[in-house]
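# Close look at the chain arrangement
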Amino acid sequence: MAKLNFGGVEETVVTREEFPLSRAREVLKGETIAVIGYGVQGPGQSLNLRDNGFNVIVGQRQGKTFEKAIADGWIPGETLFDIEEACRRATIIMCLLSDAAVISQWPVIKGQLKAGDALYFSHGFAITWPDRTGVVPPADVDVIMVAPKGSGATVRSHFLEGRGINASYAVGQDYTGRALDRTLALGIGIGSGYLFETTFQREAVSDLTGERGALMGAIQGLFLAQYETLREHGHTPSEAFNETVEELTQSLMPLFAARGMDWMYANCSTTAQRGALDWMTPFHDAIKPVMEDLYESVRSGREAQKSIDANSAPDYRDKLNEELRQLRESELWRAAETVRQLRPENVRPC
């Protein structure tokens with residue numbers, strides 16, 4: 001493990017050079033890894049492990065997702081089972097169900113845990129708020145986590161491209177004395193480029209804050225506010241969308257992703273530089289109190305309870321689909337459909 005300086009703070013990082021795939025295979029030799037849930041993270045992590053030569057099976061309830069697993073090459077009765085049977089066969093149970101499904105399936109999973117097994121998560125939610133989730137692992141198992149910093153689709157696509165997605169890791173309970181090695185081996189096995197240390201609680205709080213904040217919730221709110229302002233002052237949908245979303249995602253984000261915000265500023269016009277430097281502080285000052293409120297709502301468990309209540313409701317899927325329909329059919333994202341068609345890579349040559 002290496003100690004690297006992140007902005008003046010030393011952190012522990014594990015790379016594939018320090019913990020190669022050959023070592024991961026040795027650590028997990030003789031283990032049966034059951035990936036439980038084939039929704040968001042399940043396909044990417046299970047397929048990467050399988051392609052990397054690990055002994056993997058999948059546990060999934062009957063339905064469309066079960067059929068998707070078959071289409072991906074998992075064989076019913078050989079490498080694809082119901083959840084209870086997969087857990088029974090496993091020495092490592094990778095719990096990749098949605099947070100609501102973890103709660104509903106926990107009695108089944110817990111009932112199949114044996115002394116010395118490892119219980120793996122890719123999100124700290126269930127372990128961080130056990131008073132709300134009911135998920136309390138027995139004392140005689142390892143409780144571990146690898147949390148890729150991206151969607152399951154990205155975990156898979158980066159792997160197929162020969163790249164690695166960064167991930168955090170944590171050991172919540174070390175019964176066997178091998179929990180850390182198991183964690184890192186699984187992290188390398190699923191295709192992580194590097195792994196950085198965290199805790200279940202820190203991962204859960206930062207993840208929920210990020211999703212509701214800069215990664216998803218706040219950025220859509222920012223997009224919509226600017227788009228609406230431009231439209232209300234007479235700008236066309238194409239102009240408003242290009243100045244709000246398209247230039248950011250297609251031009252500027254690659255610049256600051258590659259070298260940082262200062263480098264991106266340095267490669268913009270002097271007018272853009274001056275405006276950005278002048279206005280970043282008013283935006284920061286306006287947004288910071290909202291972020292503090294968000295963080296406290298996550299830390300206290302209120303956001304976790306909202307998710308549990310909403311996702312457990314019988315009409316959850318119908319309400320979700322309606323909210324997504326409204327988002328999809330808004331002028332902002334209908335304009336996006338046309339703009340995307342006009343990108344050079346999507347225009348057919350004459």
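Below is a summary of the structure that appears in this document. (Residues numbered from 1 in each chain as written. Predicted model: local features only at pLDDT ≥ 70, side-chain atom pairs only at ≥ 80, totals over all residues. Heavy atoms only, no water.)

On to the sheet that holds strand E5 (residues 80-81), then. Through backbone hydrogen bonds, the strands of a sheet pair up, either in parallel or in antiparallel fashion. With mixed pairing, the 10 strands of this open sheet are ordered in space as E1-E2-E10-E9-E8-E7-E6-E3-E4-E5. Of all strands in the sheet, those with a lone pairing partner are strand E1 (2-6) and E5, marking the two edges. Taken together, the 4 bridges between strand E3 (residues 33-36) and strand E4 (residues 56-59) define a ladder with parallel strand orientation. Bridged to isoleucine 33 within E4 is valine 56. Running over the sheet, helix H9 (residues 179-189) touches strand E2 (9-15), E3, strand E6 (92-95), strand E7 (118-121), strand E8 (142-148), strand E9 (165-173) and strand E10 (192-197) and is turned about 25° from E8. (Pairing = 2+ DSSP bridges. Helix = DSSP H or I, 4+ residues; strand = E, 2+ residues; numbered from the N terminus. Contact = heavy atoms within 4.5 Å. Axes fitted to C-alpha atoms, helices over the stretch in contact; angles between N-to-C directions.)

Before going further, it helps to spend a moment on the packing of helix H2 (residues 42-51) against helix H8 (residues 152-160). Interhelical geometry of H2 versus H8 gives an angle of 25° and a closest axis separation of 8 Å. Overall, the two elements H2 and H8 adopt an arrangement that is roughly parallel. Along the contact surface, H2 presents Gly44, Gln45, Leu47, Asn48 and Asp51, while H8 presents Gly152, Val155, Arg156 and Phe159. Split by residue class, the contact of H2 with H8 holds 3 nonpolar, 4 polar and 2 charged. (Parallel < 35°, antiparallel > 145°, perpendicular 65-115°, else oblique. Nonpolar A, V, L, I, M, F, W, Y, C, P; charged D, E, K, R; others polar.)

The final tally for this structure, using the stated rule, is 6 aromatic pairs. On the numbers, 6.3 Å between centres and 80° between planes, the contact of phenylalanine 121 with phenylalanine 200 is edge-to-face. Pair noted here: phenylalanine 121 is in strand E7 and phenylalanine 200 is in helix H10 (residues 200-212), with a separation of 79 residues, a long-range link. Judged by relative accessible area, phenylalanine 200 falls into the buried class, the value being 7%. For the ring pair tyrosine 194 and phenylalanine 196, a centre distance of 6.5 Å and an interplane angle of 45° mean the geometry is tilted. In this structure tyrosine 194 comes out as partly exposed when scored by relative accessible area, which is 32%. What makes phenylalanine 196 partly exposed here is its relative accessible area of 21%. Ring pairing ties together the aromatic residues Phe223, Phe241 and Trp333, which thus form one cluster. (Phe/Tyr/Trp six-rings, centres within 6.5 Å; stacked < 30°, edge-to-face > 60°. Buried < 20%, exposed > 50% of the residue type's maximum accessible area, 1.4 Å probe, protein only.)

So, on to helix H14 (residues 270-299). Spacing of three or four residues puts side chains on the same side of an α-helix, whose turn is 3.6 residues. Given a rise of 1.5 Å per residue, 30 residues ought to cover 44 Å, and the 41 Å separating the end C-alpha atoms of H14 matches this to within 8%. The largest bend along H14 reaches roughly 30° and is located at isoleucine 287, with the proline proline 289 sitting one to four residues downstream. Listing the buried residues of H14 in full gives Leu294, Ser297 and Val298. Its buried side turned inward, H14 meets H10 and helix H15 (302-312). A positive backbone phi angle near 95° is found at glycine 301, which sits one or two residues after H14. (Expected span 1.5 Å × (residues − 1). Bend = angle between axes of the 7 residues up to and from the residue.)

The values are spatial; any link to function lies outside them.
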